[in-house]
Structure formats: structure tokens, C-alpha cells
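# A structural walkthrough
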Amino acid sequence: MMATEPFTETGGRSSVMVLDPKLVEILACPACDDRPPLRLVAETLVCDQCRRVYTIRDGIPILLPEEAFIPEAEA
Ligand SMILES: [Zn+2]
């Protein structure tokens, strides 16, 4: 029997993908009427329109206005 090539493991990557970029593309802010797209910032999703920040839990974006927070604007 030929020597079997060991599977190269994919666990060597250092960067953790928080969310699939393709998924981010189809996500929209549930708090805004015209459903603007969300922007992936660090490990959160940000709406540029209402400034809400949605958290991502275990790879699942929590797109609930009541779960989102709005960072205080710097004076
Ligand atoms: Zn919004």
C-alpha cells in the first residue's frame, strides 16, 4: 500500500473569520426603514445610518434593535 498523504490541517490559520463576508453582504439594519447594509467592524456589525452596533455571538449576528447599542457620539 502506498504511503498515505496526511491531510493538511486547516487549523493553522491565525485569523479567525468572525462572519462570512457573503453573509455580511446580505445583512441589513433592522432598525432602519430603508434597510441599509451593515459594515463588519472588528467583531460587530455597524449601521452607518443609525450608528447601531450589533454584536456577533458564536458566528451569528444578533440583528435585534433592542440588543444593539449606539456608541455615544464624541462631543
Ligand atoms: Zn440602522
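Above: the structure in question.
Throughout, residues of each chain are indexed from 1 in the direction in which the sequence is written. Side-chain atom pairs in this predicted model are given and counted only at pLDDT of 80 or more, local residue features only at pLDDT of at least 70, and totals for whole chains, interfaces and linings cover all residues. The basis for the side-chain values is all heavy atoms of the structure; hydrogens and waters are excluded.

Further remarks concern the pairing of strand β3 (residues 53–57). Strand residues, when the strand is regular, have side chains that alternate between the two faces of the sheet. Alignment of strand β2 (residues 44–47) against β3, held across three bridges, turns out to be antiparallel. Among the inter-strand pairings, V46 is bridged to a residue of β3, identified as V53. Remark: five residues form the turn of the hairpin made by β2 and β3, two consecutive strands paired antiparallel; R51 in that turn has positive phi of roughly 70°. Think of it this way: DSSP has to see at least two bridges between two strands before they count as a pair. Here a helix means four or more residues in a row that DSSP labels H or I, a strand means two or more in a row labelled E, and each is numbered from the N terminus. One ladder, built from two bridges, connects β3 with strand β4 (residues 60–61); its direction is antiparallel.

The sheet contact formed by strand β1 (residues 38–41) and β2 spans four bridges and is antiparallel. In the strand pairing of β2, V41 is matched with T44. Between β1 and β2, which pair antiparallel one after the other, the connecting turn spans two residues, and A42 there sits at a positive phi close to 55°.

Time to look at the nonpolar core. Each nonpolar core is a collection of buried residues, namely Ala, Val, Leu, Ile, Met, Phe, Trp, Tyr and Cys, held together in the definition by side-chain atoms within 4.5 Å. Using a 1.4 Å probe on the protein chains alone, a residue whose accessible area is under 20% of its type maximum counts as buried, one over 50% counts as exposed, and one in between counts as partly exposed. If you look at the biggest cluster of nonpolar residues, it comprises 12 residues: L19, V24, L27, C29, C32, L38, L45, C47, C50, Y54, I56 and A68. Among the elements of the structure, β2 and β3 are those that each provide at least two residues to this core. Leave out the neighbours within four places in its chain, and C47 touches C29, C32, P36, L38 and R52. Throughout, a residue-residue contact means that at least one pair of heavy atoms, one from each residue, lies within 4.5 Å.

No statement about biological role is implied by the geometric values presented.
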